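What follows is the residue order along each chain.
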Amino acid sequence: DRLFRELNTDVSLRVEETESTERFKVSGRGELHLSVLIETMRREGYEFAVSKAEVLYHTDEEGKRTEPMELAYVDVPNDFAGAVIEKLGQRKGELRNMGSISGGTCTRLEFSIPARGLIGYRGEFLTDTRGNGILNTVFDGYAPYKGDIQYRRQGSLIAFEAGEAITYGLFNAQERGVLFISPGQKVYAGMVVGQTGRSEDIEVNVCKKKQLTNTRSSSADEALRLVPPRILSMEQALDFIDTDELLEVTPSSLRIRKKILDSTLRKRAAQRK
């Protein structure tokens with residue numbers, strides 16, 4: 001009811017029912033448009049899960065799939081131009097033009113890139129350019145499908161079991177990557193608790209407690225030091241999630257989870273894919 005009521009005031013939004021009564025397809029004019037709706041509903045007290053944004057494909061007269069394309073104009077300091085060219089190239093971007101601006105201190109890049117190649121790129125772009133880059137895009141029609149894109153080079157750290165995150169378990173897990181949670185937080189199997197530097201996902205037991213023994217030593221009892229967790233904002237979480245993950249949105253928290261929570265079923269699905 002809440003989604004369909006939004007259509008009364010937002011003419012550019014589209015809501016469609018699916019085969020499930022608990023799942024709806026919501027189409028808008030880009031990530032920002034949809035994130036505003038998500039944040040509004042969150043503040044109103046709703047709880048729901050969101051998948052990674054997707055583009056709308058068309059079919060041409062020959063029955064082939066086509067996708068929306070964008071012209072991307074990027075202005076960056078010269079030192080960061082290489083990183084931008086590499087990242088957009090990985091996302092099926094084609095460099096059309098390149099030149100100097102601002103007296104030779106900056107570079108202007110012009111790319112033709114699939115619209116889906118820009119999904120989740122904003123945060124990465126700000127990091128790669130240290131906040132000094134400017135990215136503008138304009139719709140450039142539909143073109144034949146450019147092939148699959150790997151949105152994220154790093155895998156996820158996935159909670160192995162349900163329970164409460166313990167300092168000892170988190171201390172062992174932080175050796176595998178960057179954590180998103182702190183001690184005392186409730187977790188469940190299939191929940192994403194961090195990001196690993198490797199390309200594949202890794203399961204970790206953040207609820208693991210230290211085994212108590214009769215013998216003690218001063219070094220064994222030293223306090224474990226945890227690196228402060230990376231707290232993702234709404235926009236960062238939407239950028240981060242991959243195609244096999246969901247963002248759980250509640251008034252009090254944001255959680256990332258795998259679409260398939262069971263580890264065995266998740267591996268079987270990956271093998272079939």
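Before reading further, recall that the structure is shown in the block above.
In this report, the structure presented in the accompanying data block is examined. Model, not experiment: these values are computed from the prediction.

**A word on the side chain of Gln195**
Here is step 1 of the chain: Note that Gln195 resides in strand β13 (residues 191–196).
Here is step 2 of the chain: In this structure the side chain of Gln195 is engaged in a polar contact, spanning 3.1 Å, whose partner is the side chain of Gln154.
Here is step 3 of the chain: In terms of polar contacts, Gln195 uses its side chain to reach the side chain of Arg230, at 3.3 Å.
Here is step 4 of the chain: In contact with Gln195, not counting residues within four places along its chain, are Gln154, Gly155, Ser156, Leu157, Gly177, Val178, Phe180, Arg230 and Phe240.

**Observations concerning the environment of Ser12**
Here is step 1 of the chain: Here Ser12 shows up in the loop between α1 (2–6) and β1 (14–17).
Here is step 2 of the chain: The exposure class of Ser12 is partly exposed, given its relative accessible area of 28%.
Here is step 3 of the chain: Among residues more than four places away in sequence, those in contact with Ser12 are Ser27, Gly28, Arg29 and His33.
Here is step 4 of the chain: Among the polar contacts made by the side chain of Ser12, one reaches the side chain of Asp10 at a distance of 2.9 Å.

**Side note on a nonpolar patch on the surface**
Here is step 1 of the chain: On the surface, a cluster of nonpolar side chains totalling about 290 Å² of accessible area is made up of Leu56, Phe139 and Tyr142.
Here is step 2 of the chain: Within the secondary structure layout, Leu56 lies in the loop between β3 (48–51) and β4 (58–59).

**Considering helix α2 (residues 31–43)**
Here is step 1 of the chain: An ideal rise of 1.5 Å per residue puts 18 Å on 13 residues; α2 measures up with 18 Å between its terminal C-alpha atoms.
Here is step 2 of the chain: Those residues of α2 that fall on the buried side of the exposure criterion are His33, Leu34, Ser35, Leu37, Ile38, Glu39, Met41 and Arg42.
Here is step 3 of the chain: Considering only its buried residues, α2 is in contact with α1, β2 (24–27), β3, α6 (234–240), β15 (245–249) and β16 (254–258).
Here is step 4 of the chain: Once α2 finishes, Gly45 follows within two positions and takes phi at roughly 100°, a positive value.

**Structural notes on the pattern of salt bridges**
Pairing between side chains of opposite charge can happen when the charged atoms of each approach one another.
Here is step 1 of the chain: Under the counting rule described, the total for this entry stands at 22 salt bridges.
Here is step 2 of the chain: Of the charged contacts, one joins Arg42 and Glu39 as a salt bridge, the two residues approaching to 3.7 Å between their closest N and O atoms. Of the two residues, Arg42 and Glu39 both sit in helix α2, three residues apart, roughly one turn of that helix. For the pair Arg42 and Glu39, a shared accessibility class is recorded, and that class is buried.
Here is step 3 of the chain: A salt bridge links Arg257 to Glu248; the shortest N-O distance between them is 3.9 Å.
Here is step 4 of the chain: For Arg257, a relative accessible area of 15% puts it in the buried group.
Here is step 5 of the chain: Ionic contacts of the salt-bridge type, sharing partners, join the residues Arg152, Asp201, Asp244, Glu245 and Lys258 into one network.

**Re the nonpolar core**
Across soluble globular proteins, nonpolar side chains show a tendency to be buried alongside one another.
Here is step 1 of the chain: Of all hydrophobic cores here, the largest spans 27 residues; its most connected members are Ile181, Val187, Val193, Val204, Val206, Leu247 and Ile256.
Here is step 2 of the chain: Among the secondary structure elements, those contributing two or more residues to this core are β9 (156–159), α5 (167–173), β13, β14 (202–204), α6 and β15.
Here is step 3 of the chain: Considering each element in turn, this core owes the most residues, four residues, to α6.
Here is step 4 of the chain: Once residues lying within four places of it in the same chain are set aside, the contact partners of Leu247 are Phe48, Ala49, Val50, Met234, Ala237, Leu238, Ile241, Leu254, Arg255 and Ile256.

Parameters at a glance
- Every chain's residues receive numbers from 1 upward, in the order its sequence appears when written.
- Reporting of local features is limited, given that this is a predicted model, to residues whose pLDDT is at least 70; pairs of side-chain atoms are given and counted only at 80 or more, and all residues count toward the totals for whole chains, interfaces and linings.
- Working from all heavy atoms in the structure, the side-chain values ignore hydrogens and water.
- Strands are runs of DSSP state E lasting at least two residues, helices are runs of H or I lasting at least four, and both sets are numbered from the N terminus onward.
- N or O atoms within 3.5 Å of each other form a polar contact, as long as, within protein, one can give a hydrogen and the other can take it, and as long as residues adjacent in sequence are counted only when both atoms are side-chain atoms.
- Working rule for contacts: check all heavy atoms of both residues, and any pair within 4.5 Å makes them a contact.
- The classification of residues rests on relative accessible area computed with a 1.4 Å probe and restricted to protein chains. Under 20% of the type maximum is buried, over 50% is exposed, and intermediate values are partly exposed.
- Patch rule: a residue counts if its relative accessible area is over 30% and it has no salt bridge; like charges are joined within 9 Å, and nonpolar side chains (Val, Leu, Ile, Met, Phe, Trp, Tyr) within 5 Å.
- Note that accessible areas follow from Shrake-Rupley with a 1.4 Å probe, and for residues the cover is restricted to the protein chains shown.
- Salt bridges are counted wherever a side-chain nitrogen of Lys or Arg sits within 4 Å of a carboxyl oxygen of Asp or Glu.
- Multiplying 1.5 Å by the helix residue count minus one yields the expected span of that helix.
- The definition of a nonpolar core used throughout is a set of buried Ala, Val, Leu, Ile, Met, Phe, Trp, Tyr and Cys residues joined through side-chain atoms within 4.5 Å.

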